Amino acid sequence: MSNIQITETVLRDGHQSLLATRMPTEDMLPIIEKMDEVGYRSLEMWGGATFDVAMRFLNQDPWERLREIKKLAKKTPLQMLLRGQTLVGYRHYADDTVDLFVRKSIENGIDIVRIFDALNDVNNIKNPLKAVKKYGGIAQVAMSYSISPIHTLDFYLNLAKEYQDLGADEIAIKDMAGILLPERGYELVKALKKAMPNMPIVVHTHDTAGTGSMLYLKVIEAGADVIDTSISSLGGGSSQPVTESIVKSLEGSKYPTNLNQELLSDIAEYFKTMRNKYLEQGLIDIQSYFTEPKLIEYQLPGGMLSNLVSQLKSQKAGHRYEEVLREIPKVRKDFGYPALVTPLSQIVGTQAVMNVLLDERYKICSKEAKDYIQGFYGKSSVPIDEDIREKICGTKEEYKGSPSDLVKPELEDARKEFAGVADSDEELLSCILFPQVAKPYLESKKTSAPIEIEILP
Ligand code: CO
């Protein structure tokens, strides 16, 4: 009998997938002490889009959220999602920024850092991984799951071994689109466990295509150690498979979870009230709860579908949706089969839209697409055709170095630039990551600060 461990995702991926990451800190805090007693392996509650959205849309300090939750979750490890060298932002940051960001994340309460890169390029993983180890965090390195002629079992085995050699404490399979089917997941986990018997294996999926819980059962049978689930009130659909359903299904099996089900039911009730509020506020797009098996064919992450629809509608081109869906796999092939996850999901999606709307392929390309094709985001899984590169970038030349080598140390300059704005390393990092958002946010926080001090005693 071996226990299977559960990472609860409602505080990060759960609400990122279903309500565009709009859950504010005050909706989380009242339930954390209960969540802390359930017996979860960890609470995923930070990173991904939460950092940006907290400041940009919720007018909240992401660092404060982390500290507040840490105060209440005394036993359960806190977990975050880090996009490799791009951290929680959208460009490659310098090594000194990466080091400071990881240090501050761990100092403020993060225990487990899940690090991934859309291109599975080791160059984008190694610096953050080094920093996580240096500051005493658990480095869980995730392989972005994708389907293409080159994404074979051996591809993932070799990648996992590379990450093991770099010092990964755990290996995760990140199936952000929910396209990893049960039998394939079984083979993959079985092979990983055979190659590295002592390495904990974590599996992350989304239930968008309705296949998530079958996948989990099979990977558990294959020896997976941890799976990601989300509490029922914000689970299922494009979120993770539902925590209580998985727990119930495994009860009495060879792989019990031993989570406290009474508490789970309280937590579900609590988030149900929150969900009703979000529904009233129009924050939940009902579409994200619908099962969409077509995704397996198109390989799109759930969030990307709804973005596409709104992008096309705003161009009065909603009727060309199917054409765009057909164009996406073609662009992805031309782009060397990147996994469709941030930022490549946006880059490929936007390109497909432009190719269709302009009735000519690659007539117009975004700066991001050009940078990616040039090699500035890292190495693509399959080399990009020279003719494609010439058409998009006007040159056959490719950048072959590591993306982070292009960014010079930036902390010293940033300290000068944000001297009057940032009062701490945490605030400085917010400014470096999202200058347009963090600056006004921090300035407004300061002007209202004296009032807060007055009313506090
Ligand atoms: Co996810």
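Residues numbered from 1 in each chain as written. Predicted model: local features only at pLDDT ≥ 70, side-chain atom pairs only at ≥ 80, totals over all residues. Heavy atoms only, no water.

## Here we look at the pairing of strand S5 (residues 138–144)
When you tally the buried positions in S5, you get six out of seven residues, the bulk of the element. With four bridges joining them, strand S4 (residues 112–115) and S5 adopt parallel strand pairing. Across the sheet, residue Ile 112 finds its bridge partner in S5, namely Ile 138. Crossover connection from S4 via helix H6 (residues 122–134) to parallel S5: handedness right-handed. Direction of pairing for S5 relative to strand S6 (residues 170–174): parallel, over a ladder of five bridges. (Buried < 20%, exposed > 50% of the residue type's maximum accessible area, 1.4 Å probe, protein only. Helix = DSSP H or I, 4+ residues; strand = E, 2+ residues; numbered from the N terminus. Pairing = 2+ DSSP bridges. Right-handed = clockwise from strand over helix to strand, strands pointing away.)

## Some points on the coordination of the cobalt ion
With distances of 2.1 Å, the protein atoms coordinating the cobalt ion are Asp 13 (OD), His 204 (NE2) and His 206 (NE2). Positions of the donor residues of the cobalt ion along the chain correspond to the pattern D-x190-H-x1-H. Residue Asp 13 is located in helix H1 (residues 10–18), and its partner His 206 is located in the loop between strand S7 (201–204) and helix H9 (212–221); the two are separated by 193 residues in the primary sequence. Summarising the burial analysis for this pair, Asp 13 and His 206 share the class buried. (Donors = N, O, S within 2.8 Å, 3.2 Å for Na, K, Ca; no water.)

## Observations regarding H9
If you check which residues of H9 are buried, you get Gly 212, Leu 215, Tyr 216, Val 219 and Ile 220. End-on view of H9: buried residues confined to an arc of 130°, all on one side of the axis. The secondary structure elements touched by the buried residues of H9 are helix H8 (182–195), S7, strand S8 (226–229) and helix H10 (243–250). In the segment just after H9, Gly 223 is the residue with positive phi, at about 110°. (Arc of directions from axis to C-beta. Contact = heavy atoms within 4.5 Å.)

## Here we look at the packing of aromatic side chains
Considering all chains together, one arrives at 15 aromatic pairs under this definition. Relative to Trp 63, the ring of Phe 51 has its centre 5.6 Å away and its plane inclined at 90°; by these criteria the two rings are edge-to-face. Remark: Trp 63 occurs in helix H4 (residues 62–72) and Phe 51 occurs in helix H3 (residues 50–56); sequence separation between them is 12 residues. Taken together, the aromatic side chains of Trp 46, Phe 51, Trp 63, Tyr 90, Phe 101 and Phe 434 make up a single cluster linked through ring pairs. (Phe/Tyr/Trp six-rings, centres within 6.5 Å; stacked < 30°, edge-to-face > 60°.)

## What about the confidence of the model for the chain?
In the predicted model, the chain carries a mean pLDDT of 93, and the fraction of residues at 70 or more is 97%. Across residues 450–457, confidence stays below pLDDT 50; counting only partners more than four residues off in sequence or on other chains, it has zero contacts. (pLDDT = per-residue confidence, 0-100.)

## Notes on helix H16 (residues 367–374)
An α-helical turn contains 3.6 residues, so a residue and the one three or four places further along point in the same direction. Within H16, the full set of buried residues consists of Ala 369, Asp 371, Tyr 372, Ile 373 and Gln 374. Buried residues in H16 make contact with helix H15 (344–357) and helix H17 (386–393). Phi for Gly 375, located one or two positions after H16, is positive at around 105°.

## Some details on the pattern of salt bridges
Per the stated rule, a full pass over the model turns up 34 salt bridges. Asp 425 is the partner of Arg 415 in a salt bridge, and the nearest nitrogen-oxygen pair spans 2.9 Å. Of this pair, Arg 415 sits in helix H18 (residues 411–417) while Asp 425 sits in helix H19 (residues 425–433), and the two are 10 residues apart along the sequence. One network of salt bridges, in which partners are shared, links Asp 61, Glu 64, Glu 427 and Lys 445. (Salt bridge = Lys/Arg side-chain N within 4 Å of Asp/Glu carboxyl O.)

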